[in-house]
Amino acid sequence: MKLSIVIVNYNVKYFLEQCLYSVHEAMSGIKAEVFVVDNNSSDGSREYLPEKFPWVNFKWNSTNDGFGKASNSVLKEAGGEFILFLNPDTLVPEDCFEKCLSFFASNRDCGALGVKMIDGSGRFLKESKRGFPSPFSSLSKMIGLTALFPRSKRFAGYYAGHLPHNKNNEVEVLAGAFMMLRKETIAATTGFDEAFFMYGEDVDLSYRIRQTGMKNYYFADTTILHFKGESTHKLSADYVKHFYGAMLLFVQKHYGGRKSLMFFMNKAIWFSRGIAMSKLKTKREEDTNNVPEPVINTALLGGQQKFNECLTIIKHASPQLLLAGRIAINKKDKDAAIGNLDDIKNAIKKNKINQLLICEGEISFKAIIQLAEDISGKTNFLFHAQDSNSIVGSNNKNAKGVFIAIP
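Bear in mind that the values here come from a model prediction, so they are computed numbers and not experimental data.

**Describing helix α4 (residues 96-106)**
The set of residues buried in α4 consists of Cys96, Phe97, Cys100, Leu101, Phe103 and Phe104. Burial along α4 is one-sided: seen end-on, the buried residues are contained in an arc of 155 degrees. Structural note: α4 exposes Glu98, Ala105 and Ser106 on the side pointing more than 90 degrees away from its buried face. Structurally, α4 contributes buried residues whose contacts are with β1 (3-9), α1 (13-26), β4 (82-86), β6 (110-118), β8 (178-182) and β9 (215-226).

**Thoughts on the nonpolar core**
Ile5, Phe97, Leu113, Phe178, Met180 and Leu356 are the most contacted members of the largest nonpolar core, which totals 70 residues. Broken down by element, this core gets its largest block of residues, eight residues, from α1. Leaving out residues up to four positions away in the same chain, Met180 has contacts with Leu3, Phe82, Ile83, Leu84, Phe97, Cys100, Leu101, Phe104, Gly111, Ala112 and Leu113. Core analysis: the next-biggest nonpolar cluster, separate from the first, contains 25 residues, Phe85, Ala160, Met179 and Leu181 among them.

**Thoughts on the packing of aromatic side chains**
One pass over the structure, following the stated rule, counts 16 aromatic pairs. Centre to centre, the rings of Phe15 and Phe227 are 5.1 Å apart; their planes meet at 70 degrees, and the pair counts as edge-to-face. Of this pair, Phe15 sits in helix α1 while Phe227 sits in the loop between β9 and α9 (237-255), and the two are 212 residues apart along the sequence. The pair formed by Phe15 and Phe227 is uniform in burial state, with each residue classed as buried. An aromatic cluster is built from Phe15, Phe227, Phe381 and Phe383, whose rings are joined through pairwise contacts. It is Lys13 that lies over the ring of Tyr48; its NZ or CZ is 5.1 Å from the centre.

**Some thoughts on empty space enclosed by the protein**
Gaps left between atoms show up when a probe the size of a water molecule is rolled over them. Using the criterion set out here, one finds one cavity of 30 Å³ or more in the structure. Around the largest cavity, the lining residues are Gln18, Leu91, Ile358, Glu360, Phe365, Ile368, Phe383, His384 and Ala385. For the lining of the largest cavity, the residue count by class is six nonpolar, two polar and one charged.

**Some words on the confidence of the model for the protein chain**
For the protein chain, per-residue confidence averages 85 on the pLDDT scale, and residues scoring 70 or more make up 81% of the total. Contacts for the low-pLDDT stretch residues 231-235, under 50 throughout, to residues beyond four places or in other chains number 18 contacts. Note that residues 285-291 has pLDDT below 50 and, in this model, zero contacts with residues that lie over four places away or in other chains.

**Some remarks on the pattern of salt bridges**
Tallying each qualifying case throughout the model produces 13 salt bridges. Lys215 is the salt-bridge partner of Asp109, the closest N and O atoms lying 3.3 Å from each other. With Asp109 in the loop between α4 and β6 and Lys215 in strand β9, this residue pair connects regions lying 106 residues apart in the sequence. Between Glu170 and Arg210 there is a salt bridge; the shortest N-O distance is 3.2 Å. Here Arg210 lies in helix α8 (residues 201-211) and Glu170 lies in strand β7 (residues 169-171), a separation of 40 residues in the sequence. Judged by relative accessible area, Arg210 falls into the partly exposed class, the value being 31%. One network of salt bridges, with partners in common, ties together Asp109, Glu170, Arg210 and Lys215.

About the cut-offs
Residues numbered from 1 in each chain as written. Predicted model: local features only at pLDDT ≥ 70, side-chain atom pairs only at ≥ 80, totals over all residues. Heavy atoms only, no water. Buried < 20%, exposed > 50% of the residue type's maximum accessible area, 1.4 Å probe, protein only. Helix = DSSP H or I, 4+ residues; strand = E, 2+ residues; numbered from the N terminus. Arc of directions from axis to C-beta. Contact = heavy atoms within 4.5 Å. Core = buried A, V, L, I, M, F, W, Y, C linked by side-chain atoms within 4.5 Å. Phe/Tyr/Trp six-rings, centres within 6.5 Å; stacked < 30°, edge-to-face > 60°. Lys NZ or Arg CZ within 6 Å of the ring centre and 35° of its normal. 1 Å grid on protein atoms, 1.4 Å probe; cavity = no way out; pocket = protein on both sides within 12 Å on 5 of 7 lines; lining within 4 Å. Points joined across faces, edges and corners; volume = space filled by probe spheres on them. Nonpolar A, V, L, I, M, F, W, Y, C, P; charged D, E, K, R; others polar. pLDDT = per-residue confidence, 0-100. Salt bridge = Lys/Arg side-chain N within 4 Å of Asp/Glu carboxyl O.

Written out as structure tokens, the structure is:
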């Protein structure tokens, strides 16, 4: 077995459905296996997923064990030379795994790698490559210096801002959303520290990988889409609790012997936590006072048959989703199309489209991810994998995404 893929699910069955379709395509030609560990979801994942994906090894926990413990729970069963920890709210291109494995083969010092990630609106995710949360880099991020000087090695060290996001580089910290490791790296580190319930476990593991003498690499030659915010979104009490709790645990574990530094870091974390809680309160007040207008000017990218298929799902949308038309995949398809893929930016502008539903099947996952990156900006995106019964999207990395599904 070459590759074992471990995915932890918690109440995101429709996002996981899309993810698994993309994973299946990326596994082609590779001896691979997939483990999905469900942390006691209450959204019907157990009834919905196994029948659709009989090739997946499902494990159903009776409690929510957190990301690290759930991931570790199947490592003894995993037979792959490489282990990939992958978030359920992701889409991977067809050549993703092959490219990553080739990089490992060419770089024997690579203990683990992460990849370039974009969010559901096509924007680059800075957490694709990071530095260790040192006192200075953490403070720079907390007080806004990182935002002011995003490419500074000194002030943007938290996100390794000095490293270009389109070039491969050694980095200090990898994101747990996509973290591929050699099996011997797992053996040397024993996997995730289960004391971290959610958040921080990837930083801690990255730190311990480097302590073994192996290196972490940011691999920019493949890009995945990470919807973000599905299990716990940023402007929520759960996020504040788990994220800042993880930061405090990391400081205690790795800076505990330096009392003055630990004191400073703890104060800074509690200060940041207070700011986050204040933002949460403001957000709740805004949500109470403002009801956002639903996006209705939507176009579907795909052929007429795909358009007709998606209509059976779209009719279940709430609020109602109205289609302005479809954008054809090729120029020869002119039957009732309002534009074509070769000139999609003009079609979007001409027809005042502010939301695009992209359908896999006639277009590959790789092309979908590239397209989202190319036209990121004011256009919202929805995604539909061929044969799936759902449509998903997430245009705000700080909030939960949306899904449309047949009941």
